[in-house]
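Examination of the molecular architecture
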Amino acid sequence: MRFPLKNLSRGLKAKLPKLKVEKRPYPSLRTKILWPVLSILIALGIGAILIAAAGVNPLTGYYHLFHGALGDAHAISETLWRFTPLLLTGTAVALAFRCKFWNIGVEGQMLTGATVATFFGVSFIGTSSWLLIPLVIISGFLAGALWAVIPAILKAKFKVDEVVTTLLGNWIILYFVAYLVEGPWRNPTSLWPESPAIAGSAVFPRLVPLYRVHIGFIIAIFFAILFFIILRKTVWGFQIKATGANPRAASFMGIKVTRVLITVAILSGGIAGIAGVSELCGTHFHMKGLGFFGGTGELSWGYGYAGIFIAMLGGLNAIGVPVAAFFMAVMIQGSRAMYRATGVPSPFYYAMQGTILVCLLLGIFLTYYRIRKVKG
Amino acid sequence: MVRRSPVVIKMVGITKKFPGVIANNKINFDVRKGEIHALLGENGAGKTTLMNILYGLYRPDAGEIYIRGKKVTIRSPNDAIGHKVGMIHQHFTLVPPFTVTQNIILGLKFPKGVLKVGLAEKRVTELSEKYGLKVEPRAQVWQLSVGEQQRVEILKALYRGAEILILDEPTSVLTPGEVRDMFKTLRSLAKAGTSTVFISHKLDEVMEISDKVTVLRDGKFVATKKTSTTNKRELARLMVKREVIFRLKKPKAKLGKPALETKKVSALSDRKLLALKEISLSVREGEILGVAGVAGNGQRELAEVIAGIRKATGGKVIVKGKDMTNRSPSEIVEAGVGRIPEDRIDMGLIMDLSVKENLVMETLRDFSDHAVLFFPKGVFLNHSAIDKYADKLISEFKVITPSRDAPSKTLSGGNLQRLILARVLTRNPKILVASEPTRGLDVGATEYIRRKLLEQKKRGAAILLISEDLEEILTLSDRIAVMYEGRIMGIVPARKAKIEKIGLMMAGTPLNKIGR
Amino acid sequence: MEILTYAFFITFLAMTFRMATPVLLGTLGEAFAERSGVLNLGIEGTMLMGASTGFIVTYFIGDLWLGIFAAAFIGMAMGLLMAFLSVTLGAQQHVAGLGITFLGTGLSFFLYRLFVAPAGGVPPTIVPFRPIEIPGLSGIPVLGPTIFTQPALVYLALILVPIVGFIFYRTTLGLNLTAVGQNPKAADTAGINVFRTRYLCLLIAGALAGIAGAWFSMAQSSQFLPGMTMGRGWVCVALVIFANWSPYRILGGALLFGGIDALQTTFAALGVAFPYRILQMFPYIFTIVILVAVARRATYPAALLQPYRREG
Ligand SMILES: Nc1ncnc2c1ncn2[C@@H]1O[C@H](COP(=O)(O)OP(=O)(O)O)[C@@H](O)[C@H]1O
Ligand SMILES: [Mg+2]
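Keep in mind it's a predicted model, so treat the numbers as computed, not measured.

The next subject is the site of ligand 1. Taken together, 13 residues sit near ligand 1, with Gly44, Gly46, Lys47, Thr48 and Thr49 of chain B positioned nearest. What surrounds ligand 1 is not a single chain but chains B and C. In the model, an oxygen atom of ligand 1 is placed 2.7 Å from a nitrogen or oxygen of the Gly44 of chain B main chain. Contact distances for ligand 1 include 3.2 Å between an oxygen atom and a backbone N or O atom of Ala45 of chain B. Elements represented by at least two residues in the shell around ligand 1 include exactly strand S2 (21-32) and helix H1 (47-54) of chain B. With three residues, H1 of chain B is the largest single contributor of residues to the shell around ligand 1.

Shown next, in the form of C-alpha cells:
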C-alpha cells in the first residue's frame, strides 16, 4: 500500500521546518479568554464569507443580524424568549458533559417532558394555575429525567455507549410524538398535526404584557444559578468534576461514580424536560409533530442540539453557558432578521454553530499550546 | 580485541531540556562494534532520554550523532531502524492482542503491502533458535510472561537486522534465573558482532556483563571506564556525588497485634483470569511486610482487593479484626487503611483537579460538616477549611507547587507522590498499603519516601509494601513474601533472606521445596 | 395472511439491501477510523454534506457519478478537518466529532438553500440512480430481483466488504492501523507514522461517509432534505461496536438493520394498516437493543479516544 499522503506531508515538512509546539502548562487568564474570543471572531469572519456567497455585503448582513436581535425592546424580548429554552438545554448538557456523560439526547428529553406536560395540560382543563403549572413542570422534569436515566443505567449496567443511545432516543420519541399528534392526540380542528391546546391555566404567564418573554425565563435563570452553586459549592459538584476527570481514580478515592452518573443524568434530563415544558406552555401551547429539519421536533426547534453547542462554547462552565446561550439566541433571532432584510438563508446560524465549534477547538489548542519559531 | 573494533556510534554534546530539567547536558557517548557498553546512573540521571534521542523518539536540543562514522539526523524510530539501531524499552512497546509474529513484523514493508505471515513465522522460529530466545510465534502477546515478552522485543529488533541493540533496564522485570539466560544471549550476540547498550542502575549486573561503562549523573556525563579496570566502589562514587552511599537504618518498633490479614483471598484479573489464588498474609502493627515478585504475578490485584476496588472472589480481608472483604473504598479508608497506589497518575490522583482538591478527595465528609440554610450536613463544602488544610499539608510534606489551586498535572513526579503521601499519612492510618512507592522517582524523592515509610512503621503502622524493586524490599521490610502466579511462594524474615532463595521463589519454586 | 406472499418477500428483501447500503458504507468507514483509534462522531454531519454536495453537483452538471465523486471528496475534506482537530490538535474526540457533525448538518442545509432551493418553493429533483440488472444473474429466482437488480451504489457497498476485509487482515496497512489503534506508542517505535495512519483512516472514513450520504439524495430519493440521513450516521457508530470492528460482521449488522428499516417501507408499499410512525421507531429501538446485547463483550480498540503525542 502506498500512502498518497506521503508526498504531501513531505512537501509540507520541507516548507515548515522551523515551527515548534510547546505546552503552556499554566495559561494566564488573559490567554484563556483571548483565544476563545479570537476564535469566535475568526468564525464570524468565515460567516462573512457565507454571507458574501449569498451575494450580500457581510457588514450589511451582520448589521441586520445584530440589529434584529438587539436593536429595540421588541427584538431584545424576542431574543430573551429564545434564550429561555437555550439556557435550559445548555445547562442540561453542560451538567452532563461535566461528568463525561455524553448526553446528546437533550432534544428528545425536551420532547418527552413536553409530551407528558401536554397530557396533564390537556386533561386537567379547569384546574387552577397554582396547581397546574407546578404539575406540568414537575411531570415534565420527571419525564425528561426518565428519558435520560435509561441510557445512564444502560451505561452503568451494560457498558452501553451513551452517545448512541441518547441520540437514538431523540428519534424514538420524535416519531412517537408524531404518532400521537397525527393519530390519537390529533386536534380535529387544526390543519396541522398537533394536539389540542393546553388549558389556559397551564400557560406560563408573560413577564411583561405584549412581550413574549414568560416565566420560563425565571425558571431558566434559577437552574443556571443552581448549576453554578452545585459546581462551586457542593460535595456533589466536586464528585461530578472528579468523576468526569477520571472515573477510575474517583472511585479509588471513595466516590460512588455510578451514583454520580445516575443523579447527573436525572438532573440533566430533568432540566431538558423543563425546557420542553417551557416551550409548550410559554410558546406553542399545542404539542407539535416533526420539525422541518430532520431529527428535530416542531416544538423543540432543534434547541436540544443547540444546547450541546452552547455547553461547549460556554466551556461547560456556569458563567460561560449563560453567555453562550445568549450569543446563540442572538444568532438565531438575528439570522431570521437578516433573512427578512437581505435574503441570506436563515440556516445561517446552523452553519455558524459548526464553524464556531471548529474554530473554538483551535482556540482551545492555542490556549494551552504555544507555537514558536525556532532558530536553526 | 574489543578495543580494536571500529566505533559504530558516536554521540557528541547531546543536550535535551524538558520543562524544568536538563535531562541531558552536553553528553558524549561512544560505542564500538561488538561491545557491551553499560550506561550507568541513578534514576533520573538521563539514561533513557539519551537513548530515546538515539532511537529518534526525542529530538535533541543540541549535539551531533554519528553512526558508523557518518553524521546522521534521526527524526523517528524509522530512521533509527534504517541505521540498524534497535531499542527495547523499559516499558514494552508491544500490541497485546497481536501474535508474536504480528508484533515482530509490525511496521515492516512487504511487496505490494500484502502480508506474508507464514514466511515471517518461519524466520521468527529460525531467529529464536539461533539466539536461544524461546517463543511461540503464534501465541498472543498478552498471554506471555514478562520474560517472554522481552524476548519478543529482542527478536523484533534482530528481525530488523539490528546491529546496535539498546536495552533499557532489561533486568528489572526478570527473575534472577531469567537474567542469567538473557546475559547468555547478549554474549552470543556480542560475539556475532552486535553492539549493545545496556542501561542499568545496578552495579553488580554492570560489572558482570559489560565491557565498558559510561556513568551519567544529573544529566551530565561523568566518565567512561573499561569494566576490567574499575570496581564497584569507584562506579558507586561516580554515580552518586556523596562519597558513601546513604544507608537507611531500619528502626526498631514494638510489634503489635495483626492489623491487616488476608485469608485465602482469590480474585480475577482484568482479563477475567484467576490472578490471586488463596493468598494468606498477616501484617502486624509496627512491621513492614514486603511483597517481592516479578511484575504481573498478582501484586496489583492484591493491592486492589485490599483497597476495595477489585472484588475478591473468595476469602476474607480482615482489618483490625473486622471483616472488610469487598467493602467500598470509602469504608476501607474509614477503617484506617491508607493506600498508596501503584499508578500515581491514573489512580492516585486526578491530574486535572487542583492540588487542594486532590488532598481532600478521600475525606470530603470532613469538609462538609456544617449545615447551610435548610440543607443538612454533607451537602456544601467548607472551602476555607479546605484551603487551610491544604496549605498545612503542602508545607508539612514540602510539596513544591505554584499554589494550592494549581492543577496537579503541573507537578513533577516526586511532588505528585508527596501529594499522595500527604493525603494518606496525615490521617495516621493504622494500616498502609504501598505499591511501588518510589518507582520512577529520582534519588532525593526516593529517599524521602522511604524515610516516611519507616517513620510510619515506628509510629506503629502495619505496612504492606509491594515492590518490584528487590533492593527496596530488602532495605525496608522486616519480613519478605514472594509472589508468583498469584500465589505466595514463601515468607522469610528479612534478616535471614538470601538473594538466591528469593530469586528461586520469584521464579516459581515454593520455599518448602528449596533445600537449605 | 396476504402479506406473506412472494411479492412481499421480494420487495422486502430488495428493500433490505437498499436500506442497508448507506449504513454499510458508513460503518465500514467508521471501522477504519475507530480501528486506528479515532472515534469519528462527525459521520452524521459528513453524510449530510455528502448528500447535499452530491445533489448540488448532480443538479447543476447532470452527472450522477460526478456527484458521487464530489460527495466522496467533500467527505474527505470533513475527514481531514476531523483529523486536524483530533489528531494534530489532540482535541477531545467526542467534542471534535460533534463539532464536525454540527458543521456538516448546518452547512449542508445552508448551501442547499443558497445554491438550489430558497425557502418556500417546490424542492427541485434530479434523476436518481436506477436499479441495474446484472446480465445473467438477474434472472435467478429470488436472488435475481433482489440482490442483482439494484442501484450501482448497492453493488459498490457489497464489493467493499471483502476489500476492506482484505485490507484489515492481509495487508501491512491493516496491521499498521490496527496497531495504531491498540498501542500507538508501540506502533511509533516500530517505525509506523501514527499521525499519517490516522489521517489516512479518517480520510477513508470521510469518503465512505460522503458516499453513504449521497445515497439518500441520489438513490433513495431524488431530492435533498435537511437532516435527511435521519440519524443513520449514529446508527453506524452503534453498528461498528455490534460488529466488533470486523467488516464481515458489519455486513451482517447492516443487513439486520436494513431489514428492520425495510419493514416500514414494505408495509407502506403494500398498504398494510399499521401506524407507520411506530414502525419508524423500530430501527432505532433495534439499534439500541443490539447494542445492549453486545456492549459488555465489546473489545474496543485500546487507544480509542486517546490523542497521541510524542513526549520529547
Ligand atoms: N517526557 C518527559 N517530559 C518531562 N521530563 C522528562 C521526560 N522524560 C524524562 N524527563 C525527566 O528527565 C530526567 C531524566 O529522565 P530519564 O532519562 O528517564 O532518566 P533515567 O532513565 O536515567 O532514569 C528526569 O528528571 C525526568 O523527570
Ligand atoms: Mg530510565
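From this point on, the discussion continues.
This paragraph deals with the interface of chain A and chain C. Listed per partner, the contact involves 56 residues of chain A and 54 residues of chain C. Roughly 5100 Å² of surface becomes buried between chain A and chain C when both sides are summed, with 81% attributable to carbon and sulfur atoms. Run the count over chain A and chain C and you get one salt bridge. Breaking the side of chain A that touches chain C down by element, the ones donating at least two residues are helix H1 (5-15), helix H2 (29-53), helix H6 (129-158), helix H7 (162-182), helix H12 (303-313) and helix H14 (348-368) of chain A. Counted by class, the side of chain A that touches chain C contains 43 nonpolar, seven polar and six charged residues.

Between chain A and chain B, the residue contacts involve 24 residues of the former and 35 residues of the latter. For Lys241 of chain A, the salt bridge identified is with Glu357 of chain B, shortest N-O distance 3.5 Å. On the surface where chain A and chain B come into contact, there are five residue pairs in polar contact (both at pLDDT 80 or more). If you list the elements that add at least two residues to the side of chain A that touches chain B, you get helix H8 (216-233), helix H9 (235-245) and helix H10 (247-252) of chain A.

Residues and elements named next belong to chain B. Within the structure shown, the criterion is met by 38 salt bridges over all chains. Here Arg451 ties to Glu447 by a salt bridge, and the two come within 3.3 Å at their closest N and O atoms. You can see Arg451 and its partner Glu447 sitting in helix H15 (residues 443-459), four residues apart, about one turn around the helix. Relative accessible area serves as the criterion here: at 39%, Arg451 is assigned to the partly exposed category. It is possible to trace a salt-bridge network through shared partners that takes in Asp270, Arg300, Glu304, Arg310, Glu342, Arg439 and Glu468.

Calculation notes
- Residues numbered from 1 in each chain as written.
- Chains lettered and ligands numbered in written order.
- Predicted model: local features only at pLDDT ≥ 70, side-chain atom pairs only at ≥ 80, totals over all residues.
- Heavy atoms only, no water.
- Near = heavy atom within 4 Å.
- Polar contact = N/O pair within 3.5 Å; in protein donor to acceptor, adjacent residues only side chain to side chain.
- Helix = DSSP H or I, 4+ residues; strand = E, 2+ residues; numbered from the N terminus.
- Contact = heavy atoms within 4.5 Å.
- Buried area = accessible area lost by both parts, 1.4 Å probe.
- Salt bridge = Lys/Arg side-chain N within 4 Å of Asp/Glu carboxyl O.
- Nonpolar A, V, L, I, M, F, W, Y, C, P; charged D, E, K, R; others polar.
- Buried < 20%, exposed > 50% of the residue type's maximum accessible area, 1.4 Å probe, protein only.

Nothing here speaks to function; it is geometry throughout.
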